[in-house]
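Here is what each chain is made of, one letter per residue.
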Amino acid sequence: MADRVTVIGWDGSPLTAAARSALSAATLVAGAAHHLALPEIPAQAERIRLGSVDLAARRIAAHRGTAVVLADGDPGFFGVVRTLRAPQHGLEVEVVPAVSSVAAAFARAGMPWDDARVVVAHTRTLRRAVNVCRAHPKVAVLTSPGAGPAELALMLDGVHRTFVICEALGTEREQVTVLTSDKVADHTWRNPNVVIVIGGSATPGSGWLMGPDPGPARGWGLPPEAYDEEPTHATGEAPELRAAQLARLGPRVGDLVWDIGTGSGAFAAEAARFGAAVIAVDADPAACARAEAAARRFGVQLQTVTGRAPYVLERLPEPDVVRVGGGGAPVVAACADRRPERIVAHAGTRDEAEAVGAALTAGGYTVECRLLQSVDLDPAAWSERDRSVAFLIAGRRPAP
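We now turn to the structure provided with this report. This is a predicted model, so every value here is computed, not measured. (Residues numbered from 1 in each chain as written. Predicted model: local features only at pLDDT ≥ 70, side-chain atom pairs only at ≥ 80, totals over all residues. Heavy atoms only, no water.)

## Quick look at the overall build of the chain
Let me state the cut-off plainly: The helix and strand labels rest on DSSP assignments: H or I over at least four residues marks a helix, E over at least two residues marks a strand, and numbering proceeds from the N terminus. In this scheme, a residue with accessible area under 20% of its type's maximum is buried, one over 50% is exposed, and one in between is partly exposed, where area comes from a 1.4 Å probe on protein chains only. Any two residues whose heavy atoms approach within 4.5 Å are treated as being in contact. Accessible surface area values rest on a Shrake-Rupley calculation with a 1.4 Å probe, where residue burial reflects the displayed protein chains alone. Asp and Glu are treated as the negative residues and Lys and Arg as the positive ones, with His and the ends of the chain left uncounted. The location of each charge is read from NZ of Lys, CZ of Arg, CG of Asp or CD of Glu.
Looking only at helices and strands, the chain has 13 helices and 17 strands in total. Along the first, second and third principal axes, the C-alpha set of the chain runs to 85 × 45 × 40 Å. For the chain, with 400 residues in total, the buried portion stands at 48%. Restricting the contact set of the chain to residue pairs at least 6 apart, pairs at least 24 apart contribute 61%. Accessible surface, the chain as shown: approximately 19300 Å² in total, 52% of it carbon and sulfur. Averaged over its 40 positive side-chain charges, the chain has a centre that lies 6 Å from the centre of its 44 negative ones.

Right, dumping it as structure tokens:
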């Protein structure tokens, strides 16, 4: 039985001497249809069309002979190596890499990519991939049938981006197309393809860390002066309340956050700093402008929508977590109807808190309520400078 497999990456260029040597000795070769047509594969070798890598790994483990797997690009980068190395297969893996399709795509575009996010889009992960494209200025998307350039563009409705679409890289059918996102769905695209999604205000890469720069700001629940705002006595704007809301929502990369009644925009900007996509909603255009200014200040992306909740929410994409900063129980109920995983709100009185809690309970959420009080002290005299009291109401959808 085979206990070793050689995985050969192929980027369309001639195979290396190491790859040709491994193939010439192979008695079993697994790969996609275009791999299995390579002339270097021995005529007598058993050929497996690669669909499920897990099933192919079982066939390889049971094979008596020398096994080779062919894969596009670098098979260790979002490729087959991870599955083949799973302990249950008992395979020792040797890799002969090629240039990854992501590296090739950025090379065709003439762009650096050490500051890019890289995501894989399948039909089950497409929404999360789209949210990454909403939140970050440079994203490479490894697409799949049903989760390609057209689907990405359609789901980015309302967010302007530029698409660099690289089809059939490394083959004679290779084509690179640059379009704005509103034009992408008008075309049919060949598989396989890699899409580079660019847009928004990009901050320079850090030069020491793969991916976006973490930025200069440290901490969350920042005071108003961090946003060039005057201190406010508004119930929903206290930094301590904001920090507690962020802790309960836990926004993360791939999420879409609704911030309804964005106010100063501080919550929206801080949620975006976690890597989540954010839509900040407010009936006041000045509040939306403040949210956009806060995002620019901290080098993050967010989308603003001017309108009154709950009516404006009908046309928004599905959220993962929601903060309700205004509108009370009716808006909370409308959000619960969209079934986000978590919802937070606040209230200034017990009656308001009970109404919000009842709306969450009616929506099928497990409800937590806390009375938060924070007192700002002057450390020189240890006297009270400001006091904030608010009810924090959080709803968590039970696990299925």
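## Brief notes about unusual backbone geometry
With an omega of -5°, the peptide bond between Asn191 and Pro192 qualifies as cis. Among the structural elements, Pro192 can be located in the loop between α8 (181-184) and β10 (193-198). For the peptide bond that leads from Ala309 to Pro310, omega is 10°, which places it in the cis range. Phi at Phe78 takes a positive value of approximately 55°, unusual for a residue other than glycine. The residue Phe78 is located in the loop between β4 (67-72) and α4 (81-84) in this model. For Arg339, which is not glycine, the phi torsion reads 60° and is therefore positive.

## Structural notes on the nonpolar core
Generally speaking, nonpolar side chains in soluble globular proteins are found buried as a group. Worth spelling out the cut-off: Remark: nonpolar core denotes a set of buried residues (Ala, Val, Leu, Ile, Met, Phe, Trp, Tyr, Cys) joined through side-chain atoms within 4.5 Å.
Counting residues in hydrophobic clusters, the biggest one holds 29 residues, and the most contacted among them are Trp258, Ile260, Leu313, Val324, Cys335 and Ile343. Counting only elements with at least two residues in this core, the list comes to β11 (256-260), β12 (277-282), β14 (321-324), α12 (328-336), β15 (342-347), α13 (350-362) and β17 (383-396). Apart from residues no more than four positions distant in its own chain, Cys335 is found in contact with Trp258, Ile260, Leu313, Val322, Val324, Pro340 and Ile343. Formed by 21 residues, the second largest nonpolar core is a distinct cluster that contains Leu126, Ala129, Val141 and Leu156.

## Structural notes on the packing of α12 against α13
Helix packing for two helices is described by the angle between their axes and how far apart those axes are. This is how it is decided: A fitted line through C-alpha atoms serves as each axis, taken over the contacting stretch for helices, and the angle formed by two N-to-C directions is quoted from 0 to 180°. Each angle is binned into one of four classes, with values under 35 degrees roughly parallel, values over 145 roughly antiparallel, values of 65 to 115 roughly perpendicular, and all other values oblique. Note: crossing handedness is left-handed where the near helix turns anticlockwise from the far helix by less than a right angle, and right-handed where it turns clockwise.
Packing of α12 against α13 leaves a shortest axis separation of 8 Å and a crossing angle of 15°. By the angle between their axes, α12 is roughly parallel relative to α13. Judged by the twist between their axes, the crossing of α12 over α13 is right-handed. Facing Gly328, Ala329, Val332 and Ala333 of α12, the residues of α13 in contact are Ala355, Val356, Ala359 and Leu360.

## Let's talk about the state of the cysteines
This is how the line gets drawn: Disulfide assignment relies on a single distance test, namely cysteine sulfur atoms paired within 2.5 Å.
Under the criterion given, the structure shown has zero disulfides. Not engaged in a disulfide, the cysteine Cys133 finds its nearest cysteine sulfur in Cys166; these two sulfurs lie 14 Å apart. Exposure remark for Cys133: the relative accessible area of 1% places this residue in the buried category. Looking at the unpaired Cys288, the closest cysteine sulfur is the one in Cys335, lying at 15 Å. The exposure class assigned to Cys288 is buried, which follows from its relative accessible area of 3%.

## Digging into the packing of aromatic side chains
Which entries qualify depends on this criterion: Ring pairs are drawn from Phe, Tyr and Trp, using the six-membered ring of Trp, whenever the two centres fall within 6.5 Å, and their geometry is named by plane angle: stacked under 30 degrees, edge-to-face over 60, tilted for the rest.
With the rule as written, the count across this model stands at five aromatic pairs. Relative to Phe274, the ring of Trp220 has its centre 4.5 Å away and its plane inclined at 20°; by these criteria the two rings are stacked. Within this pair, whereas Trp220 is found in the loop between β10 and α9 (239-249), its partner Phe274 is found in the loop between α10 (266-273) and β12, the two being separated by 54 residues in sequence. The interplanar angle of 55° and the centroid separation of 5.1 Å between the aromatic rings of Tyr227 and Phe298 together place this pair among those described as tilted. Taken as a pair, Tyr227 in the loop between β10 and α9 and Phe298 in helix α11 (residues 285-298) lie far apart in primary sequence, 71 residues in all. Three or more aromatic residues link up through ring pairs in this structure, and these residues are Phe77, Phe78, Phe106 and Trp113.

## Concerning the sheet that holds β15
For sheets, the rule is that strands pair by backbone hydrogen bonds, running either parallel or antiparallel. As a reminder of what qualifies: Two strands make a pair as long as DSSP finds a minimum of two bridges between them.
The strand order across the open sheet formed by seven strands is β13-β12-β11-β14-β15-β17-β16, and the pairing between neighbours is mixed. Only two strands of the sheet have a single partner each, and these edge strands are β13 (303-306) and β16 (366-378). Recorded for the sheet is a direction-independent mean angle of 20° between the axes of neighbouring strands. Of the strand pairs in this sheet, β11 and β12 are connected by five bridges, and their pairing is parallel. If you follow Leu256 over to β12, its bridge partner there is Ala277.

## Details of the pattern of salt bridges
Test applied: Criterion for a salt bridge: a side-chain nitrogen of Lys or Arg within 4 Å of a carboxyl oxygen of Asp or Glu.
Under the criterion given, the structure shown has 19 salt bridges. A salt bridge links Glu270 to Arg242, with the nearest nitrogen and oxygen atoms 2.8 Å apart. Here Arg242 lies in helix α9 and Glu270 lies in helix α10, a separation of 28 residues in the sequence. The two residues Glu270 and Arg242 agree in class, both being buried. Of the charged contacts in the structure, one is a salt bridge between Glu384 and Arg387, with a shortest N-O distance of 2.6 Å. Look at Glu384 and you get partly exposed, because its relative accessible area is 43%. Classification of Arg387 as partly exposed rests on a relative accessible area of 42%.

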